[in-house]
Amino acid sequence: MPDVTLVGVTDPDRDRAADLAATVGTTPADDVDDLLARGVDAAWVCVPPFAHGEVEERLAAAGVALFVEKPLGLDVATAERVQAAVHAAGVPTSVGHHWRSSTVVARAHEVLAGRTVRLVTATWLDKVPPVAWWAHRGSSGGQVVEQAVHVLDLARLLGGEVTAVHAVVDAAAPAGGDVDAATAGTLRFAGGAVGTLAATCRLAWKHRAGLEVYADDLALSITEEQLTVRDGGGEGGTWTVEVDPAEARTAADRAFVDHLHGREPSGAGTVVDHAEGLRTHRLACALADSVASGQPVVLGG
Ligand SMILES: NC(=O)c1ccc[n+]([C@@H]2O[C@H](COP(=O)([O-])OP(=O)(O)OC[C@H]3O[C@@H](n4cnc5c(N)ncnc54)[C@H](O)[C@@H]3O)[C@@H](O)[C@H]2O)c1
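Residues numbered from 1 in each chain as written. Predicted model: local features only at pLDDT ≥ 70, side-chain atom pairs only at ≥ 80, totals over all residues. Heavy atoms only, no water.

Draft legend 1. Focus on the environment of Leu278. On the secondary structure map, Leu278 appears in helix α9 (residues 274–293). Considered as a pair, Leu278 and Ala79 are 199 residues apart in the sequence and their alpha carbons are 6.6 Å apart. Sequence-distant contacts of Leu278, defined by excluding residues within four places in its chain, comprise Leu72, Ala79, Glu80 and Gln83. (Helix = DSSP H or I, 4+ residues; strand = E, 2+ residues; numbered from the N terminus. Contact = heavy atoms within 4.5 Å.)

Draft legend 2. Structural detail: a nonpolar patch on the surface. Together, Met1, Val4, Leu6, Leu20 and Val24 line one region of the surface with nonpolar side chains, adding up to about 400 Å² of accessible area. Positionally, Val24 belongs in helix α1 (residues 14–24). (Patch = residues over 30% accessible without salt bridge, like charges linked within 9 Å, V, L, I, M, F, W, Y side chains within 5 Å. Areas by Shrake-Rupley, 256 points an atom, 1.4 Å probe, with all protein chains shown as cover. Salt bridge = Lys/Arg side-chain N within 4 Å of Asp/Glu carboxyl O.)

Draft legend 3. Broad picture of the pattern of salt bridges. Tallied over the entire structure, the rule returns 23 salt bridges. Asp33 is the salt-bridge partner of Arg58, the closest N and O atoms lying 2.6 Å from each other. Here Arg58, found in helix α3 (residues 54–61), pairs with Asp33, found in helix α2 (residues 32–37); they are 25 residues apart in sequence, far enough to count as distant. A relative accessible area of 32% means that Arg58 is categorised as partly exposed. What makes Asp33 partly exposed here is its relative accessible area of 45%. We note a salt bridge from Arg263 to Asp258, for which the minimum N-O separation is 3.0 Å. By relative accessible area, Arg263 is classed as partly exposed at 40%. Put simply, Arg100, Asp153, Arg156, Glu161, Glu276 and Arg279 are held in one network by salt bridges that share partners. (Buried < 20%, exposed > 50% of the residue type's maximum accessible area, 1.4 Å probe, protein only.)

Draft legend 4. Quick peek at unusual backbone geometry. With an omega of -10 degrees, the peptide bond running from Lys70 to Pro71 counts as cis. Even without being a glycine, Asp217 presents a positive backbone phi close to 55 degrees. Within the secondary structure, Asp217 is located in the loop between β8 (208–215) and β9 (218–223). A relative accessible area of 53% means that Asp217 is categorised as exposed.

The quantities given are spatial measurements derived from coordinates; they are silent on function.
Here it is in structure tokens:
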């Protein structure tokens, strides 16, 4: 981006910091203090789920704007602590829910305007990602918190707030890990709609990640690559929009930079601030809590 100067990269793994710095044309920094000493307006916090908290708190206290990768932590308490810190510091934030910056999601939002959503079915059917921390619940938070949180965020965007959830799992862990093999959850929306979440990490390939949304005489199917809409009863037509998923990732970053410059974002790019990301994180954690307790969980109470 021509209006951005990269100041540095820091990572406890010095080799990784040096590699990324060389790739993007900057230099590695020893630690967050070294980064701050260089004069930073904004930081992208791309740490694994277990490492959230202190990094954001230190950057926010220094007045640095924060783009924070999802999930916002392993639990709600850490994310609430960070939310309190960014609120107290008054720094701009955005969360890596880049699906919201996709043209297909913007079109889905338009198509649903004025319609009453009845049913939302969210799926994340995938392999275990290659990063070592992912298969361990104590490091990643599990598949729903770490991965399906993207489609839960869309479920909130398109279906409205979720007021109650209940989930069960097949707890057979993948080799070398302890996360669940599969999760089946139900969602109750404030507007009266109902929904489901189905997730598994026991495939050898990414099979499907997406969301179906149904209203009266209207069916939408949304993935990172495509929106398919069938509208208008028996005589209605079906149409499809396709996108390059990389566009939404870039658009999310661009929208944050525009926000820092005080400009309106261009295209579908949008900022999802930390408070909004926290609402989605609470939903994902509520599903995990329901699994742990074996009971439905009421949100927002
Ligand atoms: N929005 C998206 O679609 C998307 C895509 C990829 C990754 N992510 C998220 O980004 C996060 C990182 O994923 P990844 O695949 O890059 O993981 P990774 O393990 O490849 O990289 C994480 C890096 O963070 C470093 N790290 C650990 N603790 C740190 C700390 N306290 N301070 C600074 N650095 C620290 C690690 O050394 C490592 O180099 C995850 O939460 C993941 O969900 C989001």
